[in-house]
Amino acid sequence: MSDECQPATLVCRIAGYDLATLDLDAINRAFDAEVRAGRLRYTDASWNADRANVGAWLNQAGQNINHIHPCNACDSRGKTQVELAGRASFLRLFRFLRAQPGLEALRVEYLAAECGVRESATIVGKATVTTDDFTGGRLWDDAVCYTFYPIDLHNLSPEGVEIQLLEEGVVPTVPRRALLPAGSRNLLTAGRCIASDRLANSALRVQATCMATGQVAGALAALATQTGIEVEELPLPMVDELLLAHGAIIPERQATAGPAYGAMSPLSTV
Ligand SMILES: Cc1cc2nc3c(=O)[nH]c(=O)nc-3n(C[C@H](O)[C@H](O)[C@H](O)COP(=O)(O)OP(=O)(O)OC[C@H]3O[C@@H](n4cnc5c(N)ncnc54)[C@H](O)[C@@H]3O)c2cc1C
């Protein structure tokens, strides 16, 4: 984990206004004045850390268009601080907007139970997925699942995010050893915390990979329990068989070329 984690986001859905009738320039000017007075942050209503862009939030009806920072959710104290900061951000923004012409009836339809955390602790694993492994589509000899997403690092830059698409046909994999903490026996992890460097983690943190690693961890645990074999020593064909029986998509370790997927769409970032 790096010293400064990516900003978190408090997801919401708002309603009660007609975007087409709003004077967004006037709202942005008022918003800017509030930021300069220290009562709002630019990132309360957009990912742009250097300018007022309230239209971004209003246009998306909220959704994931805010950045909560600083974010250090690696322990309970830090996680609590992120939650407090997220709610404070939302409340001050909501109060400001309700005072703007055309937004008097603004209402909250949904507010997430907790902030979405993009980055926190990762394990030191028996193997680590690096940026080069990820962007190069490395097929590990103990690959247990695929992973697929752009490098997607949120930050406090003017645009608030750095994206690097994977080249066409590149579908990286995750090795079993990235789920296993170094020096451990029969201990498994899954999800965003698997062993990976910062940029690789910014991509493999997405839900498909989290679910795939979760399924692998479950299969390894079940087989280790049934056979008495340590999770790292379980024969991979045995692991494959159980994963396939439950419909998992598993890497073709003997394949000479990756699956023929197309290039990634540049439209999505989370
Ligand atoms: C705003 C946002 C939008 C996203 N959108 C998408 C998307 O559209 N598609 C997609 O595929 N991925 C998306 N992602 C990424 C993906 O959803 C997450 O990376 C993924 O769900 C992480 O799963 P996880 O189980 O590893 O961690 P988390 O879902 O973060 O779960 C960790 C759990 O541990 C709990 N916890 C943390 N600290 C403590 C503690 N100290 N004590 C007890 N409990 C604790 C937390 O409350 C949380 O419930 C998004 C992420 C964010 C932040």
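Here the structure is a predicted model, which means the values were calculated and not measured.

As for the packing of helix 1 (residues 24–36) against helix 3 (residues 76–98)
Think of two packed helices as two axes; the pair is described by the angle between the axes and how far apart they sit.
Thinking step 1. Viewed as axis vectors pointing N to C, helix 1 and helix 3 meet at an angle of 135 degrees, and their least axial separation amounts to 11 Å. With respect to helix 3, the element helix 1 is oriented oblique. Taken as a pair, helix 1 and helix 3 cross one another with a handedness that is right-handed. Touching Ile 27, Ala 30, Phe 31 and Glu 34 of helix 1 are Leu 93, Phe 96 and Leu 97, all from helix 3.
Thinking step 2. Class assignment for the residues of the contact of helix 1 with helix 3 results in 6 nonpolar, no polar and 1 charged.

A short note on the nonpolar core
Thinking step 1. Of all hydrophobic cores here, the largest spans 36 residues; its most connected members are Val 129, Phe 134, Leu 179, Val 216 and Leu 243.
Thinking step 2. Ranked by residue count, the leading element in this core is helix 6 (residues 207–227), at 7 residues.
Thinking step 3. Those residues in contact with Val 129, other than ones at most four positions away along the chain, are Phe 134, Trp 140, Pro 175, Ala 178, Ala 195, Ser 196, Asp 197, Ala 200 and Leu 204.

Comments concerning the domain arrangement of the protein
Thinking step 1. By domain assignment, the protein separates into domain 1 (12–111) and domain 2 (131–245).
Thinking step 2. Using only C-alpha atoms to locate each centre, domain 1 and domain 2 end up separated by 34 Å.
Thinking step 3. With 7 residues of domain 1 at the interface, the matching set in domain 2 holds 8 residues.
Thinking step 4. Here domain 1 packs against domain 2, burying approximately 600 Å² in sum over the two surfaces, 55% of which is carbon and sulfur.
Thinking step 5. When residues of domain 1 are sorted by the area they lose upon contact with domain 2, Trp 47, Ala 49 and His 67 head the list and together hold 59% of the total.
Thinking step 6. Between Glu 159 and Arg 51 there is a salt bridge, and its shortest N-O distance comes to 3.0 Å.
Thinking step 7. Between domain 1 and domain 2 we count 3 residue pairs in polar contact (both at pLDDT 80 or more) in total.
Thinking step 8. Of the residues assigned to the side of domain 1 that touches domain 2, the class counts are 2 nonpolar, 3 polar and 2 charged.

Concerning the side chain of Asn 155
Thinking step 1. Among the secondary structure elements, Asn 155 is positioned in the loop between strand 5 (151–154) and strand 6 (161–164).
Thinking step 2. In this structure Asn 155 comes out as buried when scored by relative accessible area, which is 16%.
Thinking step 3. A distance of 3.0 Å separates a polar atom in the side chain of Asn 155 from a polar atom in the side chain of Glu 162.
Thinking step 4. Beyond its immediate sequence surroundings of up to four residues, Asn 155 is in contact with Pro 7, His 67, Gly 160, Val 161 and Glu 162.

Regarding the site of the ligand
Thinking step 1. In the vicinity of the ligand, 15 residues are found, and the nearest of them are Ser 76, Glu 114, Arg 192, Arg 205 and Gln 207.
Thinking step 2. In this structure, a nitrogen atom belonging to the ligand sits 3.0 Å away from a side-chain N or O atom of Ser 76.
Thinking step 3. Within the backbone of Arg 205, one N or O atom sits 2.6 Å away from an oxygen atom of the ligand.
Thinking step 4. For the ligand, whose accessible area on its own is 1,000 Å², the fraction buried by protein is 56%.
Thinking step 5. Elements supplying a minimum of two residues to the shell around the ligand: helix 3 and helix 6.
Thinking step 6. For the shell around the ligand, a count of residues per class yields 4 nonpolar, 5 polar and 6 charged.

Procedures and definitions
Residues numbered from 1 in each chain as written. Predicted model: local features only at pLDDT ≥ 70, side-chain atom pairs only at ≥ 80, totals over all residues. Heavy atoms only, no water. Axes fitted to C-alpha atoms, helices over the stretch in contact; angles between N-to-C directions. Helix = DSSP H or I, 4+ residues; strand = E, 2+ residues; numbered from the N terminus. Parallel < 35°, antiparallel > 145°, perpendicular 65-115°, else oblique. Left-handed = near helix turned anticlockwise from the far one by under 90°. Contact = heavy atoms within 4.5 Å. Nonpolar A, V, L, I, M, F, W, Y, C, P; charged D, E, K, R; others polar. Core = buried A, V, L, I, M, F, W, Y, C linked by side-chain atoms within 4.5 Å. Buried < 20%, exposed > 50% of the residue type's maximum accessible area, 1.4 Å probe, protein only. Domains from an automatic or database assignment. Buried area = accessible area lost by both parts, 1.4 Å probe. Salt bridge = Lys/Arg side-chain N within 4 Å of Asp/Glu carboxyl O. Polar contact = N/O pair within 3.5 Å; in protein donor to acceptor, adjacent residues only side chain to side chain. Near = heavy atom within 4 Å. Areas by Shrake-Rupley, 256 points an atom, 1.4 Å probe, with all protein chains shown as cover.

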